[in-house]
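Residues per chain, in single letters:
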Number of protein chains: 2
Amino acid sequence: MAIPEVVIERLPEYARVLSQFESRGREVVSSQEIGDALRRPGRTSAAQVRKDLSYFGRFGKQGRGYNVRKLLEELRRILGLNRQWRMALVGTGRLGMAILGYEGFEPQGFRIIHAFDSDPAMAGNDAGGLRVHSTDEIEEVLAKSPVDIGIVAVPAEMAQGVIDRLVQCGIRAILNYAPITARVPEGVELKPIDPVLHLQSMTYHLKARAGSFG
Amino acid sequence: MAIPEVVIERLPEYARVLSQFESRGREVVSSQEIGDALRRPGRTSAAQVRKDLSYFGRFGKQGRGYNVRKLLEELRRILGLNRQWRMALVGTGRLGMAILGYEGFEPQGFRIIHAFDSDPAMAGNDAGGLRVHSTDEIEEVLAKSPVDIGIVAVPAEMAQGVIDRLVQCGIRAILNYAPITARVPEGVELKPIDPVLHLQSMTYHLKARAGSFG
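Summarised in this report is the structure supplied together with it. (Residues numbered from 1 in each chain as written. Chains lettered and ligands numbered in written order. Predicted model: local features only at pLDDT ≥ 70, side-chain atom pairs only at ≥ 80, totals over all residues. Heavy atoms only, no water.)

With respect to the overall build of chain A
Here comes step 1: Helix and strand content of chain A: eight helices and ten strands.
Here comes step 2: For chain A, buried positions account for 53% of its 214 residues.
Here comes step 3: Contacts spanning at least 24 positions in sequence make up 56% of the contacts within chain A whose residues lie at least 6 apart.
Here comes step 4: Computed over 28 positive and 25 negative side-chain charges, the separation of the two mean positions in chain A equals 10 Å. (Helix = DSSP H or I, 4+ residues; strand = E, 2+ residues; numbered from the N terminus. Buried < 20%, exposed > 50% of the residue type's maximum accessible area, 1.4 Å probe, protein only. Contact = heavy atoms within 4.5 Å. Lys, Arg positive; Asp, Glu negative; His and termini not counted. Charge placed at Lys NZ, Arg CZ, Asp CG, Glu CD.)

Here you go:
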């Protein structure tokens, strides 16, 4: 059964709120409580939670809620969160350095093991404990020491070229911070991290609320 | 008619690819071409494009495609992209500085006009041309000079408190970079920018492709 991408994108959020429930010592939660914990206006109702989780089998019993530990284990297994994922970062400018310094990756099993930059002055430097390689060396380095995921933090005009090369190296998942609508072949996952797209969907609501829609 | 949030979230992407078509001198495009330009596996088909855009009236003629300039104008009007939006940034650490230095905001009408940090050593400093205020001054500064949007780039443990204060100050749209599932009251938009959630939905696919699902 094909699971809609929007459902898959919500699963990590379910896993996160379930670990919050677990750390507070809760053993059972209702779909209502999960929905409330995620609550963003108009997004995730109790019915939505039940429907999303039903794609993956029967975790809850009617009227009795979900077993927190079991559901969390199952979600982690489904999402592949019980293993380490190796990542390569391309671009060690201000944004790249903020990504290297981000403390949220490692506790979740995501580790940046290579860093590349096109600026010859950066090559050989230490960036958050990693030696920066020249982007010329992407193919050579990844052939010797492959990664699962690429992170692209280069200027817009370089981004598609870098993405194409990472795909050529066999990378099948790319997190793209460059402000372009990048293209990848079938079978490669690409997620844009683009604050402007998020802002633009919020201004729709700000504008609608100001009464100027229509 | 209530427009699904997933549709609203795709509209900025439509606007972006349409401006790419416009800059290449294209006058008319088909839904197929729009879908292809956005193409991420399993996401946006021509039929999806037609359905999404149909919420906002009839922009295209059957079999003749969409007028690029008119559709783009309409999308910009709908999304509120033809005006300036003022933003306040809370948190001027490594991530906050990368946000201040991000060049994608201003060309799209988003301008950071205030920056706050809880570290007394930062207050009064210059950050990307702005004077950093103490977070103690959030209420005072925003009362004198309000903003439309708040950007939260503080550590996880401080984030909900900062978000609550921004909401109290009347802010109705928040971009949250802190790795928490934050809560906001009804009527306030909150978009999380969380690379880990994106990574975790990609590893679902990596894992499924490796044949280890199930």
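What to know about the interface of chain A and chain B
Here comes step 1: On the side of chain B, 73 residues touch chain A, which itself brings 73 residues to the contact.
Here comes step 2: Carbon and sulfur atoms make up 64% of the surface buried where chain A meets chain B, a total of about 7,200 Å² over both sides.
Here comes step 3: Of all residues in chain A, Arg16(A), Thr181(A) and Met202(A) bury the most surface against chain B, accounting for 9% of the area lost on that side.
Here comes step 4: Joining chain A to chain B, the criterion identifies two salt bridges.
Here comes step 5: Residue Arg16(B) is joined to Asp194(A) by a salt bridge in which the shortest nitrogen-to-oxygen separation is 2.3 Å.
Here comes step 6: Counting the contacts that link chain A with chain B gives six residue pairs in polar contact (both at pLDDT 80 or more).
Here comes step 7: Those elements giving two or more residues to the side of chain A that touches chain B turn out to be helix 1 (5–23), helix 2 (31–37), helix 4 (68–79), strand 4 (85–90), helix 5 (94–100), strand 9 (173–176), strand 10 (189–192) and helix 8 (195–209) of chain A.
Here comes step 8: If you tally residues by element for the side of chain A that touches chain B, the top one is helix 8 of chain A, at 14 residues.
Here comes step 9: Each residue belonging to the side of chain A that touches chain B can be placed in one class, and the counts come to 41 nonpolar, 13 polar and 19 charged. (Buried area = accessible area lost by both parts, 1.4 Å probe. Salt bridge = Lys/Arg side-chain N within 4 Å of Asp/Glu carboxyl O. Polar contact = N/O pair within 3.5 Å; in protein donor to acceptor, adjacent residues only side chain to side chain. Nonpolar A, V, L, I, M, F, W, Y, C, P; charged D, E, K, R; others polar.)

A short note on the relation of the copies chain A and chain B
Here comes step 1: Once chain A has been moved 0.0 Å along the axis and rotated by 180 degrees, it coincides with chain B to within an RMSD of 0.0 Å. Here the two chains are linked by the operation of a two-fold rotation axis.
Here comes step 2: Comparing interface residues between copies, 100% of those in chain A also sit at the interface in chain B, which points to an isologous, same-surface contact. (Least-squares fit on C-alpha atoms with pLDDT ≥ 70 in both.)

With respect to the packing of aromatic side chains
All names here are of chain A.
Here comes step 1: Taken as a whole and judged by the stated rule, the model has two aromatic pairs over all chains.
Here comes step 2: On the numbers, 4.9 Å between centres and 70 degrees between planes, the contact of Tyr102 with Phe105 is edge-to-face.
Here comes step 3: Since its relative accessible area comes to 2%, Phe105 is described here as buried.
Here comes step 4: The positively charged end of Arg83 is found above the aromatic ring belonging to Trp85, 3.6 Å away from the centroid. (Phe/Tyr/Trp six-rings, centres within 6.5 Å; stacked < 30°, edge-to-face > 60°. Lys NZ or Arg CZ within 6 Å of the ring centre and 35° of its normal.)

What about the sheet that holds strand 7 (residues 130–134) of chain B?
All names here are of chain B.
Here comes step 1: Taken in spatial order, the seven strands line up as 6-7-5-4-8-9-10 in an open sheet, and their pairing is mixed. Single-partner strands in this sheet number two, and they are strand 6 (126–127) and strand 10 (189–192).
Here comes step 2: Relative to strand 7, strand 5 (residues 110–117) is paired through three bridges, and the arrangement is parallel. Following the sheet pairing, Phe116 is matched in strand 7 by His133. (Pairing = 2+ DSSP bridges.)

Examining the environment of Leu142(B)
Here comes step 1: Relative to the elements of secondary structure, Leu142(B) occurs in helix 6 (residues 138–144).
Here comes step 2: Each C-alpha atom of the pair Leu142(B) and Ser31(B) lies 43 Å from the other, and the pair is 111 residues apart in sequence.

A short note on the pairing of strand 8 (residues 149–152) of chain B
Residue and element names in this part refer to chain B.
Here comes step 1: Burial along strand 8 is two-sided: the residues Ile149 and Ile151 and Gly150 and Val152 are all buried.
Here comes step 2: Across four bridges, strand 4 (residues 85–90) lies against strand 8 in parallel orientation. Within strand 8, the residue paired with Val90 across the bridge is Val152.
Here comes step 3: Summarising the sheet, strand 8 and strand 9 (residues 173–176) pair through three bridges and their orientation is parallel. Along strand 9, the bridge assignment pairs Val152 with Asn176.
Here comes step 4: In the classification by handedness, the crossover that spans strand 8, the intervening helix 7 (residues 156–168) and the parallel strand 9 is right-handed. (Right-handed = clockwise from strand over helix to strand, strands pointing away.)

Points about the sheet that holds strand 9 of chain A
Residues and elements named next belong to chain A.
Here comes step 1: Taken in spatial order, the seven strands make up an open sheet running 6-7-5-4-8-9-10, and their pairing is mixed. If you trace the sheet from one side to the other, it starts and ends with strand 6 (126–127) and strand 10, each paired once.
Here comes step 2: In this structure, strand 9 lies alongside strand 10, joined through four bridges in parallel fashion. Opposite Leu175, over in strand 10, you have Lys191 as the bridge partner.

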